[in-house]
Amino acid sequence: MERIKNAERELEPLFREIEEICLINSKKVMDAFREHHLSESHFSSTTGYGYNDIGRDTIEKIYATIFKCDDALVRSQFISGSHALTVTLFALLRPGDTLFSISGTPYDTLHEVIGIKENASSLKSFGVSYEEIDLVDNDFDYKKIEEVLKQKTIKVIEIQRSKGYSNRKSIALNKVEKVISLIKKVSPTTIIMVDNCYCEFVTEKEPTEVGADVVVGSLIKNLGGGITPNGAYVVGKKELIQLVAERLTVPGEGKEVGPSLGMNKLILQGLYMAPSVVMNALKVAILTAKVLENMGYEVEPKALEKRCDIVQNIIFHNPDKLIKYVQGIQKGSPVDSHSLALPWNMPGYDDQVIMASGSFTQGSSIEFSCDGPIREPYIAYQQGSVTYEYGKLGLYEAIKNLDTISDEMITRNSKGID
C-alpha cells in the first residue's frame, strides 16, 4: 500500500482540478433537474405501450438540456451502447449511402454491424458502403478527410472518441470541434455521429456543444452512475432523434411509445450521481497510471496527461502479466471476488478476452473493471470505480497479484525450470 500512498501525494494538485470539473457538471445536472421541475411523480412506472409516460419524457428533456441540444432518446430498451450505436446507424443510413469512420476502425462489437466482418444483418448487407481512415499522430487526418468529402457524398461520419481495444489515444474534445468545423465547411449536409462512451462528464463540455449532430452513449457507463442497470441514450438534432426513435420502436410512433417499467427513478438517480462517480473513476485511473509508471510499466495515458475518458491502459507486452493483473482486479471486486478470471471466446470479439467485472450490474464499466484481448501488445483496459476508496483497494489487489509473477519466476529459476 506504500506505493499507492506515495503516488497519491504526487497527484494531490491534479485531484483538485478534477473536483472542480465535477462541481461544474454537478451544477449542470442540478440546473436541468430544476428547469424541468423534477418531481416524485416522475418516478412512476408505465407498462405495455408506455403512452403518456411523463417521467420518461422529463428524463429526455433533462438530457437534452444537459447536452445543450434539441432532443434526446433515453431508453432501457437499448441493451447497450453498441445496440444504441447500431440502432442509430440503421436509422440514419439507407441503401446506397456511405458511412465514413474518421477515427480508424471502430470498436470490435461494431464490426459485424457495419460489415467489416461478414454478417447477413450488417449495414453492408443492406447496401450501405463503408470507408475508414486512421488517425495521424493521434489526431484526425484533416487533409484526407477534406479530399474524401470533396470527391464523394458521405451521409454519416462516425467518430469514436474512446480508444476501444486499440493502441491510440482517446480523442480530446478540442480536436473533435476542429474536425467538425472542417466537415461542416466542406460538406454541410453530412451527419456527424459521435460515440461518446466513457467520455461523459470527464470535461466541462459534450460533443453536441461543439457541433456534433448525434451523440450516443451507454447508461452502464458514465451517466448511469453505477445505479442505472441498463439502457443507453442518443442526443442531438430533433429530426435525427425522431429517426432513431422510429427505428427503435415503430415508424409513426417513435418516442411516444416505450414503457419505463420502473426505470425512471434509477435513470435519474444514476444521472444525479454521475458527475461524482466519474470524478472517482478518473482519480482511480490517474492513481493507477502513477503507481504502474513508478513500477516501470508503460501506461497510456500517463498520470499527468489531460484525460478524455475514464479508461486507463497498462501495456504489459506479456500475456501472463496481463492475465495476472486482470485476475487481481477480480479479487478486488465486491461481487465474485472468489472467481478466477480466465480468457474466453467472447461474443463479438475475434480474440479471446479476459475480463474482470465483479460488478452489481453485468458488464458495467463505470463500476471498477478491467479487461483486454489476448493479443499483442497485451494491454489491460481498466475503467471505473464508483468510489475512490474501493478503486484504491482494487488497485492494491491487482498490483499485489502482479507481484506474484516475480515470485513464481524466482521459484521456477531455483528449480531449473525454463
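Residues numbered from 1 in each chain as written. Predicted model: local features only at pLDDT ≥ 70, side-chain atom pairs only at ≥ 80, totals over all residues. Heavy atoms only, no water.

A few words on the overall build of the chain. A count of helices and strands for the chain gives 10 helices and 12 strands. For the chain, whose C-alpha radius of gyration is 22 Å, the value lies close to the compact-globule estimate of 22 Å for 418 residues. Its C-alpha atoms put the chain at 70 × 55 × 40 Å along the principal axes. When each of the 418 residues of the chain is scored for burial, the buried share is 55%. Considering only contacts within the chain whose residues lie at least 6 apart along the sequence, 70% involve residues at least 24 apart. When the accessible surface of the chain is totalled, it reaches about 18,000 Å², and 52% of it is carbon and sulfur. Side chains of the chain give 47 positive and 57 negative charges; the mean places of these two sets differ by 2 Å. (Helix = DSSP H or I, 4+ residues; strand = E, 2+ residues; numbered from the N terminus. Rg over C-alpha atoms; globule rule 2.2 N^0.38 Å. Buried < 20%, exposed > 50% of the residue type's maximum accessible area, 1.4 Å probe, protein only. Contact = heavy atoms within 4.5 Å. Areas by Shrake-Rupley, 256 points an atom, 1.4 Å probe, with all protein chains shown as cover. Lys, Arg positive; Asp, Glu negative; His and termini not counted. Charge placed at Lys NZ, Arg CZ, Asp CG, Glu CD.)

Considering all chains together, one arrives at 29 salt bridges under this definition. Salt-bridge contacts for D71 lead to K238; the nearest nitrogen and oxygen are separated by 3.6 Å. Note that D71 is positioned in strand β1 (residues 71-75) and K238 in helix α7 (residues 238-248), a separation of 167 residues in sequence. Assessed through its relative accessible area of 8%, D71 is described here as buried. Among the ionic pairs, K152 bridges to E131, the shortest N-O distance being 2.7 Å. With K152 in the loop between α5 (142-151) and β4 (156-160) and E131 in strand β3 (residues 129-132), this residue pair connects regions lying 21 residues apart in the sequence. (Salt bridge = Lys/Arg side-chain N within 4 Å of Asp/Glu carboxyl O.)

Attention shifts here to helix α8 (residues 264-294). When the terminal C-alpha atoms of α8 are compared, their 44 Å separation across 31 residues agrees well with the 45 Å that a helix rising 1.5 Å per residue should span. Of all bends in α8, the biggest is about 50 degrees, found at A274, and the proline P275 comes one to four residues later. By the criterion of burial, α8 is predominantly enclosed, with 23 of the 31 residues buried. Once α8 ends, the next one or two residues include G296, with phi positive near 95 degrees. (Expected span 1.5 Å × (residues − 1). Bend = angle between axes of the 7 residues up to and from the residue.)

This brings us to the pairing of strand β11 (residues 369-373). Among the 5 residues that make up β11, 5 are buried, leaving the element largely enclosed by the rest of the structure. Neither face of β11 is left uncovered, since the one carrying S369, D371 and P373 and the one carrying C370 and G372 both have all their residues buried. Two strands pair when backbone bridges link them, and strand β10 (residues 353-356) and β11 are joined in this way by 4 bridges, in the antiparallel orientation. Counted as the bridge partner of V353 is P373 from β11. As judged from the 3 bridges shared by β11 and strand β12 (residues 379-383), these two strands associate in the antiparallel manner. Pairing of C370 across the sheet is with Q382, part of β12. Two successive antiparallel strands, β11 and β12, enclose a turn made up of 5 residues, where Y378 displays a positive phi of approximately 60 degrees. (Pairing = 2+ DSSP bridges.)

If you trace the 5 strands from one edge of the open sheet to the other, you get β8-β9-β12-β11-β10, paired in antiparallel fashion. Two strands in the sheet have a free side with no partner beyond their single neighbour: β8 (298-300) and β10. Neighbour to neighbour, the strand axes of the sheet diverge by 20 degrees on average, direction disregarded. Here 4 bridges tie strand β9 (residues 312-315) to β12, and the two strands are oriented antiparallel to one another. Across the sheet, N313 pairs through a bridge with Y381, a residue of β12. Across the face of the sheet, α8 comes into contact with β8, β9 and β12 while running at roughly 20 degrees to β9. Packed on one face of the sheet, helix α9 (residues 319-331) meets β9, β10, β11 and β12 and runs near 25 degrees to β10. (Axes fitted to C-alpha atoms, helices over the stretch in contact; angles between N-to-C directions.)

A few words now on the confidence of the model for the chain. Within the chain, residue pLDDT values average 94, and 97% of them lie at 70 or more. Across residues 410-414, where pLDDT falls below 50, the model places 2 contacts with residues more than four positions away in sequence or in other chains. (pLDDT = per-residue confidence, 0-100.)

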